[in-house]
Amino acid sequence: MNFCFFSVSAAETTSRPRKPCNCTKSQCLKLYCDCFANGEFCNMCNCNNCFNNLEHETERLKAIKTCLDRNPEAFKPKIGKGKEGESDRRHSKGCNCKRSGCLKNYCECYEAKIMCSSICKCIGCKNFEESPERKTLMHLADAAEVRVQQQTAAKTKLSSQISDLLMRTTPVISSGSGRLPYTFLTKEVVEATCECLLDKARRAEQTDQLTSEAERLILEEFGHCLMNIITSAGKAKADSASINC
DNA sequence: GAGTTTGAAACT
DNA sequence: CAGTTTCAAACTC
Ligand SMILES: [Zn+2]
Ligand SMILES: [Zn+2]
Ligand SMILES: [Zn+2]
Ligand SMILES: [Zn+2]
Ligand SMILES: [Zn+2]
Ligand SMILES: [Zn+2]
């Protein structure tokens, strides 16, 4: 629904997007910092007293040496895995979880989307192939993914139909009155809007228990749709007016 | 957004 | 090596 096509411009033209860190006490020179741990400089991060940059080259190299001294494999390909002959995707050291059941992102195995293995020393692990808890979680996860995709699809459809209609009908609209052209309320737009709202309703039905809250969300979404239509109609009128003058 | 929970990394 | 502390992120409300 929002027409921002220019959002991904300056950020990652060359490198893949990395989540910015928020370190405050490590100066991004310890493995606590994900940027540093991945052998990368901090870029577009929210850290304080960051030394993980070219301006602190000396300190940085010193820190790297310290880490390497503690663990020579500290900066190795990480999750030691890949298709190395037989070695499946395995965590190099295994996790040591005690309270997460290895089914939350606290667990490095789960975070890497891999099963725990024999080298893990976790307690109460539910992150193994046959685990019912794990399967349930997976189901819920991709169900949510489907819902998001449906919502996105509905919004895209509505947007495209509105702009489509804008192209097709703009030259014809020339009513000089102060009213907006109601020709926008076509079958297509109404259907797309209903689809959008229905999708929102289905989503709310499964997440929010409170009916009043669900109604509020749907109404809010309707407001967005209506705003989009009104704005488009207004633009069309303005355009046709400028053409006539 | 504030506060809590968690486990890797660091330290002793 | 084991026990403790520190840390930043994941999570909860
Ligand atoms: Zn950092
Ligand atoms: Zn960073
Ligand atoms: Zn930093
Ligand atoms: Zn784990
Ligand atoms: Zn594990
Ligand atoms: Zn586990």
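Residues numbered from 1 in each chain as written. Chains lettered and ligands numbered in written order. Predicted model: local features only at pLDDT ≥ 70, side-chain atom pairs only at ≥ 80, totals over all residues. Heavy atoms only, no water.

- The name given to chain A in an unreviewed UniProt entry is Lin-54 DREAM MuvB core complex component, and the organism recorded there is Oryzias sinensis.
- Within the UniProt record for chain A, the comment given under Sequence similarities (unreviewed entry) is "Belongs to the lin-54 family."
- Per its UniProt entry, chain A bears the Subcellular location (unreviewed entry) comment "Nucleus". (UniProt positions renumbered as here; feature names shortened; annotations may be inferred.)

**Re the overall build of chain A**
So, step 1. The helix and strand tally for chain A stands at six helices and zero strands.
So, step 2. Starting at the N terminus, the α and β elements of chain A follow one another as α-α-α-α-α-α.
So, step 3. With 245 residues in all, chain A has 28% of them scored as buried.
So, step 4. Long-range contacts, defined as pairs at least 24 residues apart, comprise 54% of the intrachain contacts of chain A with a sequence gap of at least 6.
So, step 5. Put simply, chain A shows about 17600 Å² of open surface, and 56% of that area lies on carbon and sulfur atoms. (Helix = DSSP H or I, 4+ residues; strand = E, 2+ residues; numbered from the N terminus. Buried < 20%, exposed > 50% of the residue type's maximum accessible area, 1.4 Å probe, protein only. Contact = heavy atoms within 4.5 Å. Areas by Shrake-Rupley, 256 points an atom, 1.4 Å probe, with all protein chains shown as cover.)

**Examining the nonpolar core**
So, step 1. C21, C23, C28, C33, F36, C42 and C47 are the most contacted members of the largest nonpolar core, which totals 14 residues.
So, step 2. Top element by residues in this core is helix α2 (residues 57-70). It accounts for three residues.
So, step 3. Once residues lying within four places of it in the same chain are set aside, the contact partners of C21 are C28, C33, C35, C42, C45, N46 and C47.
So, step 4. If you look at the next biggest cluster of nonpolar residues, it comprises 12 residues, including C97, C102, I114 and C120. (Core = buried A, V, L, I, M, F, W, Y, C linked by side-chain atoms within 4.5 Å.)

**Here's the deal with the protein's contact with DNA strand C**
So, step 1. N22, S26, Y32, N105 and Y106 are the nearest of the 13 residues found near DNA strand C.
So, step 2. Sugar plus phosphate, as a fraction of atoms of DNA strand C within 4 Å of the protein: 92%.
So, step 3. K19 is positioned with one of its side-chain polar atoms (N or O) 3.3 Å from a phosphate oxygen of DNA strand C. (Near = heavy atom within 4 Å. Polar contact = N/O pair within 3.5 Å; in protein donor to acceptor, adjacent residues only side chain to side chain.)

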